[in-house]
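Below, each chain spelled out in residue letters.
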Amino acid sequence: MSFLGPRRTAIAKMSRFLKLMAHDVICHQEAHGCAADLTTLDAEAPSHTHWGSFHSKTSTGGVTISIKTEYLDQFNEITVHVLSPGRCLGLAPRGPKSSLLVICLHLNPAASTHTKSALLKSIADLATSVPGRALLAGDFNFLHSDECRLHVDDAGAHVTTEQGTLSELFEELFPGWSELHQPLPTRRQVTGQRISSYSRLDRIYTNLQPQEVADRQPYTAVIGTASHPSNISDHIPVGCRLGSGLRGPARVRAVPRWVTGHPSFAKNVSEILVIQ
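If you're wondering where the values come from, they're calculated on a predicted model, not measured in any experiment.

Student: Even after reading the chapter, I still don't get the overall build of the protein chain, so can you show me in this structure?
Tutor: Of regular secondary structure, the protein chain possesses seven helices and 15 strands. C-alpha extents for the protein chain along the principal axes are approximately 80 × 55 × 35 Å. When each of the 276 residues of the protein chain is scored for burial, the buried share is 39%. Intrachain contacts of the protein chain at a sequence separation of at least 6 include 62% that bridge at least 24 residues. When the 26 basic and 24 acidic side-chain charges of the protein chain are each reduced to a single mean position, those positions are 5 Å apart.

Shown next, in the form of structure tokens:
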């Protein structure tokens with residue numbers, strides 16, 4: 001996406017980036033380039049407002065957050081948090097009626113476990129200090145403790161698990177968060193011009209209560225397929241749409257018949273309620 005990169009690559013990246021503009025919030029990792037490239041995004045995608053954090057070396061790192069401008073109308077203050085230059089960027093819009101925290105993360109696989117752990121802790125601290133709804137999205141570069149990496153580099157395809165420190169730490173730091181889950185791999189590992197494994201490294205999390213997440217009926221899916229030969233990256237985007245929740249006039253809901261028909265229903269009700 002940087003004007004410093006090869007023209008063909010830059011055009012392909014921008015084309016894919018613009019296809020993501022149908023979403024209200026876009027988090028992009030490995031953007032490369034520098035802050036001057038944000039002017040290109042402003043010109044090419046004027047429907048959104050763009051922020052970025054970049055590495056001192058323009059050929060590595062770089063994260064951006066783009067939010068639909070009309071969505072920002074409900075906020076009157078936006079605070080930018082650079083938790084790690086070129087690797088982790090947070091935006092905290094605040095308004096009279098609502099607040100939001102968006103964090104875009106690219107966890108550097110070359111960093112030490114201590115550095116990665118410190119960054120995850122700083123994200124958790126920021127999320128705790130900012131009230132309201134929060135989204136954490138990006139390339140985590142580690143699997144959940146109960147997930148597998150699919151190896152396809154030989155005839156006997158197999159899976160391996162990773163009981164890593166980072167996955168366990170993440171689950172400790174974000175116990176009340178829910179993943180806006182989709183099951184398909186988002187990254188392919190290529191070894192010797194052959195795909196050797198697939199993994200689900202790119203994920204989206206929210207601090208919304210599980211009942212509200214269910215009420216909003218999220219739809220999460222990869223955009224494309226990790227195995228497609230013309231992909232310009234070894235990662236593919238993940239998109240999610242959240243509904244506005246159930247609407248309509250308040251009314252007393254009838255207890256479903258399958259509840260009242262349960263053999264223990266009357267007994268449990270009599271123990272809980274005192275009816276005179």
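From this point, the discussion proceeds with the structure in view.
Student: Sorry, what's going on with the pairing of strand β4 (residues 77-84) here?
Tutor: Looking down a regular strand, the side chains alternate between one sheet face and the other. For β4 and strand β5 (residues 88-94), the ladder comprises seven bridges, and the chain directions are antiparallel. Among the inter-strand pairings, Val 80 is bridged to a residue of β5, identified as Leu 91. As consecutive antiparallel partners, β4 and β5 are separated by three residues, and within that stretch Gly 86 has a phi angle of approximately 75 degrees, a positive value.

Student: Please clarify how the packing of aromatic side chains should be interpreted in this entry.
Tutor: Both the distance between ring centres and the angle between the ring planes are used here to describe each pair of aromatic rings. Tallied over the entire structure, the rule returns eight aromatic pairs. On the basis of an interplanar angle of 80 degrees and a centroid distance of 5.7 Å, the ring pair of Phe 140 and Phe 170 is categorised as edge-to-face. Of this pair, Phe 140 sits in the loop between β7 (133-139) and β8 (148-151) while Phe 170 sits in helix α4 (residues 165-173); the two residues are 30 residues apart in sequence, bridging distant segments of the chain. As far as burial versus exposure is concerned, Phe 140 and Phe 170 are alike and both buried. Ring centres of Phe 174 and Trp 177 lie 5.3 Å apart, and the angle between their planes is 85 degrees; this geometry places the pair in the edge-to-face category. Ring-pair connections join several aromatic residues into one group, and the members of that group are Phe 140, Phe 142, Phe 170, Phe 174, Trp 177 and Tyr 205. The ring of Phe 142 has Arg 203 lying over it, and the distance from NZ or CZ to the ring centre is 5.3 Å.

Student: Honestly, the sheet that holds strand β1 (residues 25-28) in this entry has me stumped. Any pointers?
Tutor: Across a sheet, paired strands are connected by hydrogen bonds in the backbone, their directions being either parallel or antiparallel. Taken together, the three strands give an open sheet; going across it, the order is β1-β3-β2, and neighbouring strands pair in antiparallel fashion. Whereas interior strands pair on both sides, the edge strands pair on one side only; in this sheet they are β1 and β2 (48-53). The sheet shows a mean angle of 15 degrees between the axes of neighbouring strands, taken without regard to direction. As defined by bridge partners, β2 adjoins strand β3 (residues 63-68) across six bridges and the pair is classed as antiparallel. Bridge assignment links Gly 52 to a residue of β3, and that residue is Thr 64.

Student: I keep staring at the pattern of salt bridges and nothing clicks. Help me out?
Tutor: Side chains bearing opposite charge may pair, as long as their charged atoms lie close to each other. One pass over the structure, following the stated rule, counts seven salt bridges. Between Arg 200 and Glu 147 there is a salt bridge, with its nearest N and O atoms 2.4 Å apart. In this pair, Arg 200 is assigned in the loop between β12 (194-199) and β13 (202-206) and Glu 147 in the loop between β7 and β8, connecting sequence segments 53 residues apart. Residue class for Arg 200 comes out buried when judged on its relative accessible area of 5%. Across the pair Arg 216 and Glu 212 runs a salt bridge, and its minimum N-O distance is 3.0 Å.

Student: Which parts of the structure should I look at to understand a nonpolar patch on the surface?
Tutor: A contiguous nonpolar patch, built from Ile 78, Val 80 and Val 82 and spanning about 220 Å² of accessible area, is present on the exposed surface. Judged by its relative accessible area of 34%, Ile 78 falls in the partly exposed class.

Student: I keep staring at the layout of surface pockets and nothing clicks. Help me out?
Tutor: Rolling a probe over the atoms, with the probe sized like a water molecule, indicates the empty space that remains. The calculated volume of the second largest pocket comes to roughly 310 Å³. Taken together, 14 residues line the second largest pocket, and the ones lying closest to its centre are Arg 16, Lys 19, Ile 223, Asn 231 and Ile 232. Within the lining of the second largest pocket, the residues separate by chemical class into six nonpolar, six polar and two charged.

Student: What exactly am I supposed to notice about a negative patch on the surface here?
Tutor: Residues Asp 146, Glu 168, Glu 171 and Glu 172 make up a contiguous surface patch of negative charge. Following the sequence through the fold, Glu 168 ends up in helix α4.

Student: What exactly am I supposed to notice about the packing of helix α3 (residues 113-129) against α4 here?
Tutor: Packed helix pairs are specified by the crossing angle of their axes together with the interaxial distance, meaning the distance between the axes. Where α3 contacts α4, the axes come no closer than 10 Å and their chain directions differ by 15 degrees. Taken together, α3 and α4 sit at an angle that is classed as roughly parallel. The two elements α3 and α4 meet at a crossing, and its hand is right-handed. Residue-level inspection shows Thr 113, Lys 116, Ser 117, Leu 120, Lys 121 and Ala 124 of α3 in contact with α4, the latter providing Thr 165, Leu 166, Leu 169, Phe 170 and Leu 173. A per-class count over the contact of α3 with α4 returns six nonpolar, three polar and two charged.

Student: Honestly, α4 in this entry has me stumped. Any pointers?
Tutor: Residue pairs three or four apart in sequence face the same way in an α-helix, which turns once every 3.6 residues. Turning to α4, its buried residues number three or more, namely Leu 166, Ser 167, Leu 169 and Phe 170. Angularly, the buried residues of α4 cover 165 degrees about the axis, an arc narrow enough to put them on a single face. With respect to the buried face of α4, the exposed residues turned more than 90 degrees away are Thr 165 and Glu 172. Where the residues of α4 are buried, they touch α3, β7 and β13.

Calculation criteria
Residues numbered from 1 in each chain as written. Predicted model: local features only at pLDDT ≥ 70, side-chain atom pairs only at ≥ 80, totals over all residues. Heavy atoms only, no water. Helix = DSSP H or I, 4+ residues; strand = E, 2+ residues; numbered from the N terminus. Buried < 20%, exposed > 50% of the residue type's maximum accessible area, 1.4 Å probe, protein only. Contact = heavy atoms within 4.5 Å. Lys, Arg positive; Asp, Glu negative; His and termini not counted. Charge placed at Lys NZ, Arg CZ, Asp CG, Glu CD. Pairing = 2+ DSSP bridges. Phe/Tyr/Trp six-rings, centres within 6.5 Å; stacked < 30°, edge-to-face > 60°. Lys NZ or Arg CZ within 6 Å of the ring centre and 35° of its normal. Axes fitted to C-alpha atoms, helices over the stretch in contact; angles between N-to-C directions. Salt bridge = Lys/Arg side-chain N within 4 Å of Asp/Glu carboxyl O. Patch = residues over 30% accessible without salt bridge, like charges linked within 9 Å, V, L, I, M, F, W, Y side chains within 5 Å. Areas by Shrake-Rupley, 256 points an atom, 1.4 Å probe, with all protein chains shown as cover. 1 Å grid on protein atoms, 1.4 Å probe; cavity = no way out; pocket = protein on both sides within 12 Å on 5 of 7 lines; lining within 4 Å. Points joined across faces, edges and corners; volume = space filled by probe spheres on them. Nonpolar A, V, L, I, M, F, W, Y, C, P; charged D, E, K, R; others polar. Parallel < 35°, antiparallel > 145°, perpendicular 65-115°, else oblique. Left-handed = near helix turned anticlockwise from the far one by under 90°. Arc of directions from axis to C-beta.

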